[in-house]
Amino acid sequence: MASSTTTPERFTIKVGTRRSALALKQVEMVIGELQRVHPHVDFTVHAMATAGDRDKVTPLPEMGKGLWTSELEAQLVNRDIDMVVHCLKDMPTSMPPGCVIGCVTEREDPRDVVVFRQPEVHHRLADLPTGAVVGTSSVRRAAQLRRRYPELVFKDVRGNIDTRLKKCTDPEAGYDCIILAAAGLLRMGFDDRIAQYLESSTEGGGMLHAVGQGALGLEVREGDERTLAVLKSVEHMPTFMATFAERALMRMLEGGCSVPIGVETTWMENADDGKGKKKKLRIRATVVSIDGQTAVDGERTEGVGSLEEAEALGRKMGQELVDRGAQKILDVITAGRESGAAVKVGDS
Ligand SMILES: NCc1[nH]cc(CCC(=O)O)c1CC(=O)O
């Protein structure tokens, strides 16, 4: 007798990723979840080095946008792969032609954290003596921390998470602590190295994280409905909307190059609009000058029930920051870059 259900046809989804240990871990997590729901799909992993992985010397601003993503996107458009798992934080805010963010998965802890060289001695940034050295290559992190802790010294630290943790432990390297994203450490099982979580309400001064930090963006070819349908099972709408608000804010502010901007988005409890079911999303944002001397901070809370409304909230927040002087801070940074001053971008 004919059955009303037919066995789904088997097919393969080729998943592209960077080669770093964190990227491979993330891809394994995503495929694991997809595989449970879609047993008839074969997922294969295609790992490659991107410009950002290969070149650890050229200052990030000279490498342009998409240093972690462009090669993978070229393969996606060529149909060598069908999707890419990215740290959303590393994805430029405008997508190349033919590529779309298919979905965003549930966010890991988005906060920045402190790892100390001597965790038995130092527990918080405030415990560090004058002149202590903080390792970070992120202008966003350094600018915000300079503002709160002017007595600390900031020094570049590049390399993958393992490398950075080793540098932090090595007294020869000269770091008293390093700042990293909680998400990377937690995913790699380095929970025990985290001494302090930084957020807007941190005692001694708030710290806002990078746009998209802690979330994964799954990128696909525009119009590839078959792959899009498969990805739906790992989509997390609260994260998708919150990070869309963050990306809209960033797009509003960047004017061509990355800027030291921090954000924090929070879905509020009892999130009733008054009018219905819409949950309220609070966005906090900051734009800080490189020296930490000037900053514009803002906060907005609105009912958000769609990606469009999330984008609108982010844009409004961005416009408000611009109106209140953020553009002046950004113009100084842009002018500095054009004159060849060593101002870094990117968030690592
Ligand atoms: N640019 C590096 C990068 N991109 C994403 C993460 C962390 C993981 C995440 O935010 O999802 C990191 C490392 C770090 O900032 O400590």
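Located above this text is the structure these notes cover.
Quick caveat: nothing in here was measured; it's all calculated off a predicted structure.

Observations regarding the site of the ligand
- Taken together, 13 residues are adjacent to the ligand, and K89, R141, A181, G214 and D347 come closest.
- A distance of 3.1 Å separates a nitrogen atom of the ligand from a polar atom in the side chain of D90.
- Within the side chain of R187, an N or O atom sits 3.3 Å from an oxygen atom of the ligand.
- When the ligand is considered free in solution it has 390 Å² of accessible area, and contact with the protein chains removes 94% of it.

Brief notes about helix α6 (residues 161–169)
- Within α6, the full set of buried residues consists of I161, R164, L165 and C168. Each buried residue of α6 sits inside an arc of 100 degrees when the element is viewed along its axis, so together they form one side.
- Looking at the buried residues of α6, the elements they touch are α1 (21–37), β5 (112–116), β8 (177–181) and α7 (182–187).

Quick notes on the side chain of D53
- By secondary structure assignment, the location of D53 is in helix α2 (residues 51–54).
- At 2.8 Å, the side chain of D53 and the side chain of T50 are in polar contact.
- When neighbours within four sequence positions are excluded, D53 is seen to be in contact with R18, M48 and W68.

Re the pattern of salt bridges
- If you walk through the whole model with that rule in mind, you get 26 salt bridges.
- For D297, the salt bridge goes to R147, with nearest N and O atoms at 2.8 Å. Placement of D297 in strand β13 (residues 295–304) and of R147 in helix α5 (residues 139–148) is noted, with a sequence separation of 150 residues between them.
- The class for D297 is partly exposed, based on a relative accessible area of 32%.
- For R284, the salt bridge goes to E264, with nearest N and O atoms at 3.8 Å. With R284 in strand β12 (residues 279–288) and E264 in strand β11 (residues 261–267), this residue pair connects regions lying 20 residues apart in the sequence.
- Using a relative accessible area of 22% as the deciding quantity, one classes R284 as partly exposed.
- Relative accessible area serves as the criterion here: at 10%, E264 is assigned to the buried category.

Procedures and definitions
Residues numbered from 1 in each chain as written. Predicted model: local features only at pLDDT ≥ 70, side-chain atom pairs only at ≥ 80, totals over all residues. Heavy atoms only, no water. Near = heavy atom within 4 Å. Polar contact = N/O pair within 3.5 Å; in protein donor to acceptor, adjacent residues only side chain to side chain. Areas by Shrake-Rupley, 256 points an atom, 1.4 Å probe, with all protein chains shown as cover. Buried < 20%, exposed > 50% of the residue type's maximum accessible area, 1.4 Å probe, protein only. Helix = DSSP H or I, 4+ residues; strand = E, 2+ residues; numbered from the N terminus. Arc of directions from axis to C-beta. Contact = heavy atoms within 4.5 Å. Salt bridge = Lys/Arg side-chain N within 4 Å of Asp/Glu carboxyl O.

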